[in-house]
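Report on the structure
Listed below are the residues making up each chain.
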Amino acid sequence: MRRSAIILGIVCGLAAPFARGLHADDAPAAADSAAAETAAAADFRQRLEPLAAKFCLECHSGAEPMGELDLKGLFERLSVATDREPWDKIAQRLRAKEMPPDEAPQLSDDQRQQLLSWVDTGLARNNCGQERDPGRVTIRRLNRNEYNNTVRDLLGVDFHPADDFPSDDVGYGFDNIGDVLAMPPILLEKYLSAAQKITERALGTEQANLVTSEVTGGQIIDEGWHFLASPTEVRTKVRMFGSGHYIVRAQAYGEPAGDEPPKLEFYLDTQLVRTVEVHATKDRPQTYEAWITTKGGQHSVSVVYKNDFYNADASPPQDRNVAVRELELMGPYPATYQQLIPREHTPEDQKLLAREIVAGFMQRAFRRPVAAAEVDRMMRLTELAESEGEPLGGQIALAMQAVLVSPHFLFRVELDPAASDPGGVRTLNDYELASRLSYFLWSTMPDAELFELARLNKLHEPAELDGQVKRMLADAKSQALVENFAGQWLQLRNLKIAAPDKQVYPDFDEALREAMQTETELFFAAIMREDRSVLDFIDADFTFVNERLARHYGLPDVKGKEFRRVSLDGNHRGGVLAQASVLTVTSNPTRTSPVKRGKWVLDNLLGTPPPPPPADVPPLEEAGVMLTGALRERMEQHRAKPVCASCHKSMDPLGFGLENYDGIGSWREADGKFPIDPSGTLPSGQTFASPRELKAILKERRDEFVRCLAERMLTYGLGRGVEYSDRCTVDDIAKAVAQNEHKFSSLILAVVHSDAFQKRSGKGSKP
Amino acid sequence: MSKPWQISRRTVLRGLGTVVALPFLEVMEPAIALAAEAAGNDPKKPSPTRMAFVYVPNGKHMQDFTPKAEGAEFELPYILEPLAQVKDNLMVISGLAQDHGRANGDGAGDHARALSSFLTGQQARKTHGADIKVGVSVDQVAARKIGQRTRFSSLELGCDRGAQAGNCDSGYSCSYSTNISWRTESTPQAKEIDPKLAFERLFSTGAAGDAKTRREKYNKSVLDFVLEDARDLQAKLGVKDQRKLDEYLSSVRELEKRITVAGREPIAPLPEYPAPSGIPEDYAAHIRLMYDLLALAFQGDLTRVATFVVANEGSNRSYPFIGVADGHHDLSHHGGDPKKHEKIREINRFHVTHLAYFLEKLKGISEGERSLLDNSMILYGSGIGDGNAHNHDNLPIVLAGRGGDTIRTGRHLKLNKETPLNNLYLSMLDRVDSPVEALGDSTGRLEGLV
């Protein structure tokens, strides 16, 4: 149990005691630390080295030590400062009881503890110099939200194809963790079918949209050609099904004469849409096309020949003519077709255009420059489609489908430092940085501005980076940070599956559920957009309500469905702990759960999660306890058992302090016949008599809160668990936030400026 | 099919008792494969044996789950009463344990371990995510072996999405309490929870004629293309990243196989079934739809291996429609409270009612002289015995179906305490032509099925 507590602690909060130790240690002179080092070394030699020699050295020494860990050398140097990483690993392995392995002689618990505490103390003493281990993020598959948003920004189609994908598993509290995001066959299958749906949405489907009609005009000569020997037109009447973009295609050839080629003008009804010069000749006629945009209904589409030329005096006489056939209409195409295939093309440049489009698309989809060879390979697919008779749109669609299923699109790839240097660290290039930024703040691909800065290699410049972060936070796309970060940090997402009992809470309905969620999202967004202090999360003098929620809160004079900002002076609300969303997701269906609420505060605000309950809690009746009285009294009886007391005394008071809020967050003074007693004493000795006083205490403990929030934000921003070795980075971030009036932007900026965010180590790239 | 060397599986299993010698199975393999390939169209040929694992969370009220009497003379206790119509077609098995559901030094987290060990028999590594590891699950062992014969190697169904936020169980990644099926020791098989999507995936034929041929050609080319991409990329990556690309590559291969197999028609004509329109509000309707799809998939031989997680482990779903407003998980920590016992019993029985619906359905589908149920092995149970004690021994287990006439049903089989659940799996694997010598913590094959 002790061990689990430590492991859990690593996730959010273990660092707290270290950090306190560290801050206290900032002052002492170097001499003290050197003395401590010497004492520790002596202690190790005398007490622990024989232990380690007995249990570890047989495998971890010699020419080829197991796991490439040579303890002999490590023990000779005995410098945690220079050998931080292997010592860290030793601590992890010992803690997880992975070492010694099962088949080897085992350390006793006491021996294990002695070794661990020596290593941990050494690690703590050698904390946080100049260097930071940036850690290493496992390549991250786009999760469902990222996929939806990326497809939206890449192709301009916003239909949430990933909503049909299996849910992404959560690790470290978030669903964007590279290590946890798996790629089972069902998902690849969904990617493949989504790719097809996406390109159909973006480019339309050719077969379905063919519109044909009888063509008239000119003089019909052989093989269906309409010959235009004087200014005249070829026309067709069509009934267009639906508004949108259509392509008109006409095959044509010219008979040139005079000083310019024959020209054809494409008209929709009376409106000129495009003029083309016809260079094709009779032996090699070509297809010319023009885009038209129109509403559905009856229209006429015509191709007009105007620049006729005849010079009878010349010898032989000069006569400029043109011939047209197969006036063809395709459509309607979605608006995105024109964005993705941006210009009309002639048969000569179709291949070139296809290549240009595919290369541009790959570059944006892979979020980096692409090599010519990569594009060459991709063109094999457009050629395949062409050989099947697909027009340009179909050829591009097939290449796009391959892009959308490619690992370069589905994963955010960052290559490790040189393979020869697994311990090396490299700074991410600007394209990689652009992706880290955009997926962090927007849950989507970089936009044109970020790409341009990456191309110019300017994005990493600190001033530029600051400016971009501020721009991105102000952009509407940062709503993704609200939904995805806040939704998971505050566990708002669980509100969807909360099931308050209709008997106990007849007042609860879907409108209220929705309003609860909106309040907290707007509240988070306000702190983010107005760059307020993050301490507002604990307590604030404003929130957002509509009529439904105001009624729930007992706030007067709010009418209608729209949310508005309200001042909270002198009432029971303020901060996330007083918001119905959080209060509901931390309750049972039929009653409040002070334990869940207390645990929620410890987990998500203070970063000091309680150890999990022991595996073998005996049922209460065996303990001879009969529970009677108010919930609070019953729980206190429960807590009387020593095995439970140590943890519950840190959780329960926090929850009791919120008992004035019922299981769906309404204010109450009594629970049935029992009056509410919201007072409590924390293990620190701090006491409170109301939720307001409890929040005041939490605000005093701001350093713990900021550290916890920093760890969460770093976890989310990196897409990996924040490990023991990241505690210096977390220190840096917490310090920066405290020095900047706790402004929200300072939190984001500190994460973005950290080595963990901007660099990549090769650690772990080898087994 | 009357060549002398074509021994029926039944003969072998009966002849050798439960200790089935591997060489015999290998001799049988080609014959079985051939038979399976051609099965269905000809009623005289044996139909393949199917295998499904159905999971329900938070343990059971065991006093009303375990039959009092042993053997064939047992009576169905309250929770199992709904199974009356199929009592002769199933076996209640008592005494099985899944040791790796226990802490074994890892502290709290019984729910995460219960689900992740249930089909693997392995100890989940305690991690929030950095290095997820448990083991290959029994269904995937079979899928690897016999999955090549059907369009879908295996089918994973469920009713609950994975957790959307927060920590699922005491330091374990949510992967462990959400996924029952593990393709590799670190790659869970995500489950489909939307009956509409599951239906489309299983039965949708999409385009037809030339368009279909062209689409398949395109898909094949796209997959070939990305396979090459992935191989190139993998060569440049570190080990952990390579592992992710391994998952990708293995999935590409699975899809390529599917395109190849998709050409074959389902071997049995399927009844008309209306396409579901999404996840029903009504949980009971949701469960029934998923069971329907599972039955159809088996009937059409689209797959022979499936898992169905009726609710995620540790689920706190409430069941107001049967008068239980409290969360299931909250209730399962009943602390001996008789009122809570009563409610847990009702939830348990509710789940069994739908199992009965499924089993009766399989029983009503005939395959030659037998029913689909006869040709199946449906294992139903939970990785926790009593929700309050969080014990992982004496698990509530029902095995329905006769495994192609290789299992003697209609009994309450009481085993010695601490018999590894994985021993049962070894015996089940034998019956789907996927014998292995060991799986997880198995100590041998289970005696007493025949």
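Residues numbered from 1 in each chain as written. Chains lettered and ligands numbered in written order. Predicted model: local features only at pLDDT ≥ 70, side-chain atom pairs only at ≥ 80, totals over all residues.

1. Let's talk about the overall build of chain A
- For chain A, the count of helices and strands is 28 helices and 22 strands.
- Going through the 767 residues of chain A one by one, you find that 45% of them count as buried.
- A fraction of 71% describes how many contacts in chain A between residues 6 or more apart in sequence connect residues 24 or more apart. (Helix = DSSP H or I, 4+ residues; strand = E, 2+ residues; numbered from the N terminus. Buried ≥ 20, exposed ≤ 12 C-beta atoms within 10 Å, placed from the backbone. Contact = placed C-beta atoms within 7 Å.)

2. Focus on the overall build of chain B
- Regarding its fold elements, chain B presents 12 helices and 11 strands.
- The buried share among the 450 residues of chain B stands at 57%.
- Excluding contacts between residues fewer than 6 apart, the proportion of contacts in chain B whose partners are at least 24 apart in sequence is 69%.

3. Things to note about the confidence of the model for chain B
Residues and elements named next belong to chain B.
- Looking at chain B, the pLDDT average stands at 87 and 88% of residues meet or exceed 70.
- For the stretch residues 1-43, pLDDT sits under 50, and the model shows 53 contacts to residues farther than four places along the chain or on other chains.
- Both confidence scores are given for the complex: pTM 0.83, ipTM 0.87. (pLDDT = per-residue confidence, 0-100.)

4. A word on the nonpolar core
- Among the nonpolar cores identified, the biggest contains 281 residues, and A:Leu747 and B:Leu294 are the most heavily contacted of them.
- Element by element, the count of residues in this core is highest for helix H9 (residues 283-299) of chain B, at 11 residues.
- Two domains each donate at least three residues to this core, and these are domain 2 (208-333) and domain 3 (484-700) of chain A.
- With near-sequence residues (within four places) excluded, B:Leu294 lies in contact with B:Ala52, B:Leu155, B:Leu157, B:Ala306 and B:Phe308.
- With 9 residues, the next largest nonpolar core counts A:Trp87, A:Ile90, A:Ala91 and A:Met99 among its residues. (Core = buried A, V, L, I, M, F, W, Y, C linked by C-beta atoms within 7 Å. Domains from an automatic or database assignment.)

5. A look at the environment of B:Ser315
All names here are of chain B.
- Tracing the backbone shows Ser 315 in the loop between strand S4 (305-309) and strand S5 (318-319).
- Overall, the presence of 22 C-beta atoms within 10 Å leaves Ser 315 in the buried class.
- Along the chain, Ser 315 and Thr 178 lie 137 residues apart, while their C-alpha atoms are 9.8 Å from each other.
- Sequence-distant contacts of Ser 315, that is, excluding residues within four places in its chain, are made with Pro 57, Asn 58, Asp 160, His 328 and His 329.

6. Points about helix H4 (residues 138-146) of chain B
Residues and elements named next belong to chain B.
- Among the 9 residues that make up H4, 7 are buried, leaving the element largely enclosed by the rest of the structure.
- Residues of H4 that are buried: Val 138, Asp 139, Gln 140, Val 141, Ala 142, Ala 143 and Ile 146.
- Those residues of H4 that are buried are in contact with strand S1 (50-55), S4 and helix H12 (421-431).

7. So, the interface of chain A and chain B
- In this complex, chain A contributes 67 residues to the contact, which on the side of chain B involves 66 residues.
- Residue assignment for the side of chain A that touches chain B shows that the elements contributing at least two residues are helix H1 (2-11), helix H8 (185-203), helix H11 (372-387), helix H12 (392-405), helix H13 (407-410) and helix H17 (479-489) of chain A.
- Per-element accounting of the side of chain A that touches chain B gives the leading share, 6 residues, to H8(A).

8. Some thoughts on the sheet that holds strand S3 (residues 215-216) of chain A
Residues and elements named next belong to chain A.
- Taking strand neighbours across the sheet as the criterion, the 5 strands line up as S3-S6-S11-S8-S9 in an open arrangement whose pairing is antiparallel. For this open sheet the edge positions go to S3 and strand S9 (271-277), each flanked by a neighbour on one side alone.
- In this structure, strand S6 (residues 232-240) lies alongside strand S11 (residues 297-305), joined through 9 bridges in antiparallel fashion. Counterpart to Thr 236 in the pairing with S11 is Val 301. (Pairing = 2+ DSSP bridges.)

9. Section: unusual backbone geometry
- Looking along the chain, the bond that leaves A:Ser315 and enters A:Pro316 is cis, with omega of -5°.
- Structurally, the position occupied by A:Pro316 is in the loop between strand S12 (309-311) and strand S13 (318-333).
- In the Ramachandran plot, A:Glu741 falls in the positive-phi region, its phi being about 55° despite a non-glycine side chain.
- Looking at where A:Glu741 falls in the secondary structure, it is placed in the loop between helix H26 (727-739) and helix H27 (744-753).
- Its identity as a non-glycine residue notwithstanding, B:Asn394 has a phi of 45°, on the positive side.
- Positionally, B:Asn394 belongs in the loop between strand S9 (376-381) and strand S10 (397-400).
- Note on B:Asn394: 19 C-beta atoms within 10 Å, which makes it partly exposed.

10. As for the packing of H12(A) against helix H7 (residues 209-235) of chain B
- The N-to-C vectors of H12(A) and H7(B) enclose an angle of 45°; their axes lie 9 Å apart at closest approach. One way to sum up the angle between H12(A) and H7(B) is to call them oblique. Judged by the sense of rotation from one axis to the other, the crossing of H12(A) with H7(B) is right-handed. Across the interface between the two elements, A:Leu398, A:Gln401, A:Ala402 and A:Val405 of H12(A) pack against B:Tyr218, B:Val222, B:Phe225 and B:Val226 of H7(B). (Axes fitted to C-alpha atoms, helices over the stretch in contact; angles between N-to-C directions. Parallel < 35°, antiparallel > 145°, perpendicular 65-115°, else oblique. Left-handed = near helix turned anticlockwise from the far one by under 90°.)

11. A word on the pairing of strand S6 (residues 324-327) of chain B
Residue and element names in this part refer to chain B.
- With 2 bridges connecting them, S5 and S6 associate as antiparallel partners. Each bridged residue has a counterpart across the sheet, and for Ser 318 the counterpart in S6 is Gly 327.
- What sits between S5 and S6 in their antiparallel hairpin is a turn of 4 residues, with Gly 323 showing a positive phi close to 80°.

12. Some details on the sheet that holds strand S2 (residues 90-97) of chain B
Residue and element names in this part refer to chain B.
- Taken in spatial order, the 7 strands line up as S3-S4-S1-S9-S10-S2-S11 in an open sheet, and their pairing is mixed. Each end of this open sheet is capped by a strand with a single partner; those strands are strand S3 (155-158) and strand S11 (411-420). Averaged over all adjacent pairs, the angle separating strand axes in this sheet is 20°, with direction ignored.
- Bridge count for S9 against S10 is 4 bridges, and the pairing is antiparallel. Residue pairing for S10: Gly 381 is matched across the bridge by Ile 397.
- Its contacts with the sheet place H12 against S1, S2, S9 and S11, and it is angled at close to 120° to S11.

13. Notes on the pairing of S9(A)
Residues and elements named next belong to chain A.
- In the sheet, strand S8 (residues 263-268) pairs with S9 via 6 bridges, with the strands oriented antiparallel. In the strand pairing of S9, Phe 266 is matched with Arg 274.
- Where S8 folds back on S9, the antiparallel hairpin that results is connected by 2 residues, among which Asp 269 adopts a positive phi of roughly 50°.

14. Quick word on helix H14 (residues 430-441) of chain A
All names here are of chain A.
- Given a rise of 1.5 Å per residue, 12 residues ought to cover 16 Å, and the 16 Å separating the end C-alpha atoms of H14 matches this to within 8%.
- Of all 12 residues making up H14, 12 are buried, and the element is well covered by its neighbours.
- Every buried residue of H14 is listed here: Asp 430, Tyr 431, Glu 432, Leu 433, Ala 434, Ser 435, Arg 436, Leu 437, Ser 438, Tyr 439, Phe 440 and Leu 441.
- Of the residues one or two after H14, Ser 443 is the one with positive phi, at around 50°. (Expected span 1.5 Å × (residues − 1).)

15. Digging into the packing of helix H10 (residues 350-366) of chain A against H12(A)
All names here are of chain A.
- Where H10 contacts H12, the two axes come as close as 10 Å, and the packing angle between them is 25°. Relative to H12, the element H10 is oriented roughly parallel. The handedness of the crossing between H10 and H12 comes out as right-handed. Contacts from Gln 350, Ala 354, Ile 357, Val 358, Phe 361, Met 362 and Ala 365 of H10 reach H12 at Leu 392, Gln 395, Ile 396, Ala 399, Met 400 and Val 403.

16. Observations regarding the confidence of the model for chain A
All names here are of chain A.
- Per-residue confidence for chain A gives a mean pLDDT of 86; residues scoring 70 or more make up 88%.
- Every residue in residues 1-29 scores below 50 in pLDDT, and together they form 54 contacts with partners more than four places removed in sequence or on other chains.
- Here residues 619-625 is modelled with pLDDT under 50, and outside its nearest four sequence neighbours on either side it reaches 12 contacts, counting other chains as well.

17. Some words on the environment of B:Ile347
Residues and elements named next belong to chain B.
- Inspection of the secondary structure assignment puts Ile 347 in helix H11 (residues 338-363).
- Assessed through the 26 C-beta atoms surrounding it within 10 Å, Ile 347 is described here as buried.
- Separated by 137 residues in the primary sequence, Ile 347 and Asp 210 have C-alpha atoms spaced 51 Å apart.

18. Remarks on the environment of A:Arg702
All names here are of chain A.
- Looking at the secondary structure, you find Arg 702 in helix H25 (residues 702-718).
- Given 17 C-beta atoms within a 10 Å radius, Arg 702 is considered partly exposed.
- Spatially, the C-alpha atoms of Arg 702 and Ile 538 are 9.1 Å apart, while their sequence positions differ by 164 residues.

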